[in-house]
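# Reading the structure
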Amino acid sequence: MCHQTVGLMQGRIEKAGIPCVSVTIRPEITYHTGASRSVYLRFPMGRPIGEAGDADAQLLVMRAILSVLESATEPETHLEAPFRWRRVRA
Amino acid sequence: MNDWKFKPFIIDEKNRERFEKWTGPGGIAKNHKNGHFVTNPEKSFAALGKPLTECRIALLSTGGVHLADQPPFDLLSHDGDWTYREIPGDTPEADIRFSHSHIDTSEAEKDPNCMFPLTRLRDLAGEGYIGGVAPLHIGMMGFVPAIEKILEETGPEVAKKLVDAGTDAVLLTPG
């Protein structure tokens with residue numbers, strides 16, 4: 001449900017003219033909402049940006065996600081990020 | 001900019017089966033009679049109007065984010081809680097709280113950045129990766145079977161507030 005709520009909010013904000021990118025851990029649900037841009041991370045629920053206390057890894061994840069705001073040129077751009085849980089490295 | 005090795009996410013047979021589990025009789029409808037899945041009525045796409053290095057970014061999380069002095073979300077309602085909390089961009093990390101009916105928030109309570117990365121956003125503004133931290137961010141609790149409330153009330157209302165706050169782009173995280 002949470003992923004659907006994200007996808008639907010994303011649709012409404014995008015409609016108002018603000019570009020959005022969402023993180024998803026349940027990509028099949030995000031895909032179904034028709035969200036504008038999403039990045040799939042194979043992370044556990046409750047920690048979509050990474051492990052508690054690991055600021056460097058969180059920053060790396062954030063840079064990757066935000067880069068999609070610039071790189072995506074088409075609606076419904078759904079990507080999988082090249083990170084694995086507890087192995088977030090460039 | 002880093003050359004991230006993204007793969008396109010493609011719906012394959014496994015994903016389709018997984019989705020059918022959510023939508024089938026043993027899925028969301030089993031415990032929540034109003035629970036169902038929909039597609040956005042309009043698939044809007046706004047292009048980024050300027051480089052990321054000039055953009056003020058806002059966060060929106062459905063991880064049950066609110067401030068210590070704001071009411072927590074309703075965790076008992078069968079229709080969910082479609083209200084939202086306004087989180088100012090200069091909120092100290094220690095003031096961020098989480099209340100959610102369906103996910104484990106213990107890691108986010110230890111470090112809010114796992115779910116609501118406001119401090120990380122400040123770090124990225126400091127290093128010049130983004131233009132700045134937007135003045136307004138949004139906390140929600142994502143368990144909302146009452147989908148029409150999101151589409152007709154919360155969605156448009158939040159979108160207008162973000163526009164009025166001069167937001168250039170939004171990063172959303174799921175609860």
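Given the structure is predicted, the values throughout are model-derived calculations rather than measurements. (Residues numbered from 1 in each chain as written. Chains lettered and ligands numbered in written order. Predicted model: local features only at pLDDT ≥ 70, side-chain atom pairs only at ≥ 80, totals over all residues.)

## A look at the nonpolar core
Core analysis: the biggest nonpolar cluster contains 67 residues, and Val39(A), Ile65(A), Leu66(A), Ile57(B) and Val170(B) have the highest contact counts within it. Ranked by residue count, the leading element in this core is helix H3 (residues 55-71) of chain A, at 8 residues. Apart from residues lying up to four places away in sequence, Ile57(B) is in contact with Leu66(A), Leu121(B), Ile130(B), Val133(B), Ala134(B), Asp168(B), Ala169(B) and Leu171(B). (Core = buried A, V, L, I, M, F, W, Y, C linked by C-beta atoms within 7 Å. Buried ≥ 20, exposed ≤ 12 C-beta atoms within 10 Å, placed from the backbone. Helix = DSSP H or I, 4+ residues; strand = E, 2+ residues; numbered from the N terminus. Contact = placed C-beta atoms within 7 Å.)

## Here we look at the interface of chain B and chain A
Facing 68 residues of chain B, the contacting portion of chain A comprises 62 residues. Among the elements of the structure, strand S1 (7-8), helix H1 (13-23), strand S2 (56-61), helix H3 (106-110), helix H4 (118-126), helix H5 (147-164) and strand S8 (169-173) of chain B are those that each provide at least two residues to the side of chain B that touches chain A. Top element by residues in the side of chain B that touches chain A is H5(B). It accounts for 10 residues. Of the strand pairs in this sheet, strand S3 (residues 77-84) of chain A and S1(B) are connected by 2 bridges, and their pairing is antiparallel. Bridged to Leu79(A) within S1(B) is Pro8(B). (Pairing = 2+ DSSP bridges.)

## Digging into the confidence of the model for chain B
Confidence in the prediction for chain B averages 93 pLDDT; 99% of positions are at 70 or higher. Taken together, the chains of this predicted complex give a pTM of 0.94 and an interface ipTM of 0.95. (pLDDT = per-residue confidence, 0-100.)

## Examining the environment of Glu70(A)
Considering the arrangement of structural elements, one finds Glu70(A) in helix H3. Note: C-alpha distance between Glu70(A) and Pro19(A) (51 residues apart in sequence) is 9.6 Å. Ignoring anything within four residues of it in the chain, the contact list for Glu70(A) reads Leu48(B) and Leu52(B).

## Some remarks on the packing of helix H1 (residues 2-15) of chain A against H5(B)
Interaxial distance between H1(A) and H5(B) falls to 8 Å at its minimum, and their mutual angle equals 45°. Classed by the angle they form, the pair H1(A) and H5(B) counts as oblique. Our pair here, H1(A) against H5(B), has a crossing hand that is right-handed. Note on element contacts: H5(B) touches H1(A) through Ile147(B), Ile150(B), Leu151(B), Gly155(B), Pro156(B), Val158(B), Ala159(B) and Leu162(B), opposite Thr5(A), Leu8(A), Met9(A), Arg12(A), Ile13(A) and Lys15(A). For the contact of H1(A) with H5(B), the residue count by class is 10 nonpolar, 2 polar and 2 charged. (Axes fitted to C-alpha atoms, helices over the stretch in contact; angles between N-to-C directions. Parallel < 35°, antiparallel > 145°, perpendicular 65-115°, else oblique. Left-handed = near helix turned anticlockwise from the far one by under 90°. Nonpolar A, V, L, I, M, F, W, Y, C, P; charged D, E, K, R; others polar.)

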